Structure formats: structure tokens, C-alpha cells
Amino acid sequence: MPVELSAARAALEGVPNEPGAPKPDPIVKGSNIVRTFGGLKAVDVDHIEIQRGVITALIGPNGAGKTTLFNLLTGFDEPDEGDWSFNGKALGRVPAFKVARLGMVRTFQLTKVLAKLRVIDNMLLGATGQRGEKFWSAPFKSLWSAQEDEITKRADALLERFKLDAKREDFAGSLSGGQRKLLEMARALMVDPELIMLDEPMAGVNPALKQSLLGHVKSLRDEGRTVLFVEHDMDMVRDISDWVIVMAQGQIVAEGTPQSVMANQSVIDAYLGAHHDTDITEIDVEELEELAEAALDEEATS
Ligand SMILES: Nc1ncnc2c1ncn2[C@@H]1O[C@H](COP(=O)(O)OP(=O)(O)OP(=O)(O)O)[C@@H](O)[C@H]1O
């Protein structure tokens with residue numbers, strides 16, 4: 001086990017495997033976060049803490065509230081109620097671009113507007129923080145005139161790190177699924193965040209590129225950043241997370257190390273209780289088949 005991984009896991013030793021468990025060194029702390037849409041409670045989190053310097057996976061069936069929670073924490077949406085802090089600073093009603101400047105950024109899937117820009121322009125826009133697409137699509141040249149050289153150097157170094165330098169002048173829309181994910185990560189790193197939140201980093205990625213992508217995510221932690229990611233790909237969750245938080249129907253229903261969470265009955269119930277992604281279906285179906293076989297064996301022998 002690499003030194004960094006064991007250090008990250010060691011930091012979590014002794015943390016109870018229970019929803020809302022306090023962490024020894026939380027970078028994010030939140031309480032009573034509620035977001036409703038009409039009559040639906042999309043997020044209803046009693047307490048959440050994200051440990052600094054580790055990779056935390058946020059999993060749960062479709063519609064569990066994972067994306068809504070991401071949006072709330074990063075200032076892209078406002079809750080009905082709730083408080084949370086980043087590095088001890090209260091963040092309620094702080095707009096997304098300020099949250100990004102404080103060191104907490106989330107990745108975005110490449111939108112139609114961003115797809116029409118060159119790869120390098122996507123990177124330069126990342127430097128402005130996260131003001132949303134309306135801002136990004138406006139003429140932006142004057143924004144960084146003074147610091148242009150420095151910002152361009154940083155963008156080029158990141159493109160090299162993520163092996164996208166050969167694509168610098170290409171339209172972002174021409175990139176493959178895996179390259180788009182790399183660009184999303186590289187763009188988020190333009191503001192040198194302490195906490196990077198990845199939205200389904202494996203979605204649409206060719207299996208051949210998955211290992212390289214996993215390596216890049218681990219490198220974020222190994223250089224001292226905190227990583228929080230939403231993902232349906234259970235192989236990725238098992239492979240790289242130090243800690244897993246499970247949501248269902250807006251609430252945190254389980255937490256723990258990947259091993260303990262995967263073995264947890266309430267996690268299995270959460271997934272079986274709603275429509276979900278195929279990766280998870282495969283795991284649950286296998287588990288179900290084993291259970292069914294065992295039941296049949298028991299019936300045959302009784
Ligand atoms: N802007 C919105 N207006 C109305 N309902 C919404 C809105 N955003 C989310 N919801 C609802 O809130 C619930 C939680 O959605 P959310 O996208 O956060 O779930 P998720 O766990 O990210 O799901 P997935 O894995 O499918 O992305 C869902 O029932 C969804 O339909």
C-alpha cells in the first residue's frame with residue numbers, strides 16, 4: 001500500500017462507521033441541511049463531515065440528492081435551511097465563485113457552450129473561478145490581461161500534466177469522454193483548490209483510460225488536496241476511496257471504509273429501494289443471486 005494511502009486511511013482510523021460521524025480533521029462540516037423542490041425533500045442531511053486530505057466517495061441511487069448536496073456546498077444552489085463551513089468559515093449564501101476562491105471547487109460536465117471553445121480557453125476560464133455559464137460565455141479577454149502570462153503558463157503546465165497539451169488548440173467538443181474528464185479536472189485545478197469535488201469522474205470513460213484517470217485522482221490527494229466525488233462506478237469507489245458516504249432519499253444512510261460500506265445491509269437496501277445505475281445493479285444482482293442460491297440450497301436440504 002502506498003505511504004499516502006495508508007496515511008489517509010490511518011487518519012480515519014477510529015472514526016465510527018455511522019452516518020454523520022465526526023472526523024478528526026474536517027475540512028467541511030455541515031448540519032441540518034435541507035433543500036426541497038415542491039413537496040420533495042431532495043436533501044435532508046442532519047450532519048456531515050469531510051475529512052481533510054483523503055478521498056471520500058459520495059454514492060447512492062439515482063435521485064438520492066448527491067448532486068443537489070454538491071450544488072449547495074459549492075454555492076450553486078441555496079438550501080431551505082442549514083449551515084456548513086469550509087476550513088471553519090461559514091459558507092451559507094456565499095456565491096459559487098467566492099467559494100471557489102476560498103479553495104473549494106466542483107467539476108462540471110462539458111456544456112454546449114464550453115464544447116465550442118478551444119481546450120486552452122476552457123482552462124483560462126477556469127482561472128476566473130466559477131461564475132456559471134452565462135459569465136463564461138460572455139467576452140472574457142479583458143479579465144486576465146494583466147495576469148495573462150502567468151495564467152497561461154499555469155494552464156499549459158496543467159495541460160501537460162493531464163496529457164492534453166497536444167489538444168491545446170482543439171475545440172473541447174472534439175475530445176473523447178476520458179479526455180473531457182481530464183479537462184474538467186485540469187480546469188478545476190486552475191484555482192489551486194484545497195478541496196476538489198468531482199462529478200462522476202468515470203462517466204463515459206473508455207475502460208482503457210480508467211486506470212490513468214484513477215491515477216490522476218489519486219495524485220490530487222497525494223499532493224495534499226481533499227477529494228470528494230460522486231460516482232456510480234463501484235470499482236472506482238472500491239479502488240480509490242478512503243471513506244464512503246451513502247445517501248438515499250436525501251439523507252446520509254451509511255458511512256465508513258469502502259469495505260465496511262459495501263458489506264452494509266442498509267447500503268444494499270438503499271440501492272435496491274430505487275432505480276439505479278447498471279454498475280451497482282450488477283453487484284446487487286450477483287449478491288441477490290448468491291442469496292437466492294443459498295436460500296434454495298437451504299430449502300433443498302431442509
Ligand atoms: N432543480 C430541480 N427541480 C426540481 N427537482 C429537482 C431539481 N434538482 C433535483 N431535483 C430532484 O431532487 C432529487 C435529488 O436529485 P439529485 O440530482 O440531487 O440526485 P442524485 O443523487 O444526484 O441523482 P443521480 O445519481 O441520478 O445524479 C430528485 O428527485 C430530483 O428529481
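Calculation notes
Residue numbers here run from 1 along each chain, matching the order of that chain's written sequence. Only residues with pLDDT of 70 or above have their local features reported here, since the model is predicted, and side-chain atom pairs are shown and tallied only from 80 upward, although totals for entire chains, interfaces and linings are computed over all residues. Under the DSSP-based scheme used, a helix requires at least four consecutive residues in state H or I and a strand at least two consecutive residues in state E, with every element numbered from the N terminus. This entry defines residue contacts through backbone-placed C-beta atoms, with two residues in contact when those atoms are within 7 Å. Scored from 0 to 100, pLDDT records how confident the predictor is in each individual residue. Any residue qualifies as near a molecule or strand once its backbone-derived C-beta atom lies within 6 Å of it. The residue classification treats Ala, Val, Leu, Ile, Met, Phe, Trp, Tyr, Cys and Pro as nonpolar and Asp, Glu, Lys and Arg as charged. All others, Gly included, are polar. Working convention: axes come from line fits to C-alpha atoms, limited for helices to the stretch in contact. Angles between N-to-C directions cover 0 to 180 degrees. Crossings are assigned a handedness: left-handed for a near helix turned anticlockwise from the far helix by less than a right angle, right-handed for a clockwise turn. Three exposure classes are used. Buried residues have 20 or more other C-beta atoms within 10 Å of their own C-beta, exposed residues have 12 or fewer, and partly exposed residues fall in between, all C-beta atoms being placed from the backbone. Two strands qualify as a pair provided that DSSP identifies no fewer than 2 bridges between them.

1. Some details on the overall build of the protein
In terms of helices and strands, the protein carries 13 helices and 10 strands. For the protein, long-range pairs separated by at least 24 residues make up 71% of all intrachain contacts whose partners lie at least 6 apart in sequence.

2. Looking at the confidence of the model for the protein
Of the residues in the protein, 80% reach a pLDDT of 70 or more, and the chain-wide mean stands at 83. Of all the helices and strands in the protein, helix α6 (residues 133-137) carries the lowest mean pLDDT, 44, while strand β1 (residues 26-37) carries the highest, 97. Every residue in residues 130-139 scores below 50 in pLDDT, and together they form 13 contacts with partners more than four places removed in sequence or on other chains. The model gives residues 274-285 a pLDDT under 50, and that stretch makes 21 contacts with residues more than four places away or in other chains. The complex model carries a pTM of 0.83, and its ipTM stands at 0.97.

3. A look at the site of the ligand
Close to the ligand lie F37, L40, A42, G60, N62, G63, A64, G65, K66, T67 and T68. Listing elements by their share of the shell around the ligand, those giving two or more residues are β2 (40-51) and α2 (66-73). Here the shell around the ligand gets 3 residues from one element, more than from any other, and that element is α2. A breakdown of the residues in the shell around the ligand according to their chemical character gives 4 nonpolar, 6 polar and 1 charged.

4. Here we look at the packing of helix α5 (residues 119-126) against helix α8 (residues 177-188)
Remark: α5 packs on α8, axes separated minimally by 8 Å, with the N-to-C direction vectors making an angle of 35°. Of the two possible hands of crossing, α5 and α8 adopt the one that is right-handed. For the pair formed by α5 and α8, the contact residues are V119, N122, M123 and G126 on the first element and L183, A186, R187 and A188 on the second.

5. Observations concerning unusual backbone geometry
Only a minority of non-glycine residues have a phi that is not negative, and only a minority of peptide bonds are not trans. Here the phi dihedral of K163 falls at roughly 55°; this positive angle occurs in a residue that is not glycine. Classification of K163 by C-beta neighbours within 10 Å gives partly exposed; the count is 13. You will see that D192, though not glycine, has its phi angle at about 50°, which is positive. Tracing the chain through its elements places D192 in the loop between α8 and β7 (195-199). Look at D192 and you get exposed, because 11 C-beta atoms sit within 10 Å.

6. Some remarks on the sheet that holds strand β5 (residues 89-90)
Ordered by their spatial adjacency, 4 strands build an open sheet running β2-β1-β4-β5, and the pairing between neighbours is antiparallel. Looking at strand neighbours, the two that pair on one side only are β2 and β5, the edges of this open sheet. For strand β4 (residues 81-86) and β5, the ladder comprises 2 bridges, and the chain directions are antiparallel. Paired with S85 across the bridge in β5 is A90. Of the strands in this sheet, β1, β2 and β4 are in contact with α2, which crosses β2 at around 65°.

7. Quick word on the sheet that holds β7
One key point about sheets: their strands pair by backbone hydrogen bonds, in either a parallel or an antiparallel sense. Read across the sheet, 6 strands follow the order β6-β7-β8-β3-β9-β10 without closing on themselves; strand pairing throughout is mixed. The strands lining the two open edges of the sheet, one partner per strand, are β6 (104-106) and β10 (251-256). Direction aside, neighbouring strands of the sheet carry axes that sit 20° apart on average. By the bridge criterion, 5 bridges tie strand β9 (residues 243-248) to β10 in an arrangement that is antiparallel. Looking at the pairing, A248 lines up with Q251 of β10. α2 rests against β3 (55-59), β6, β7, β8 (226-230) and β9 of the sheet, and its axis sits at about 140° to β8.

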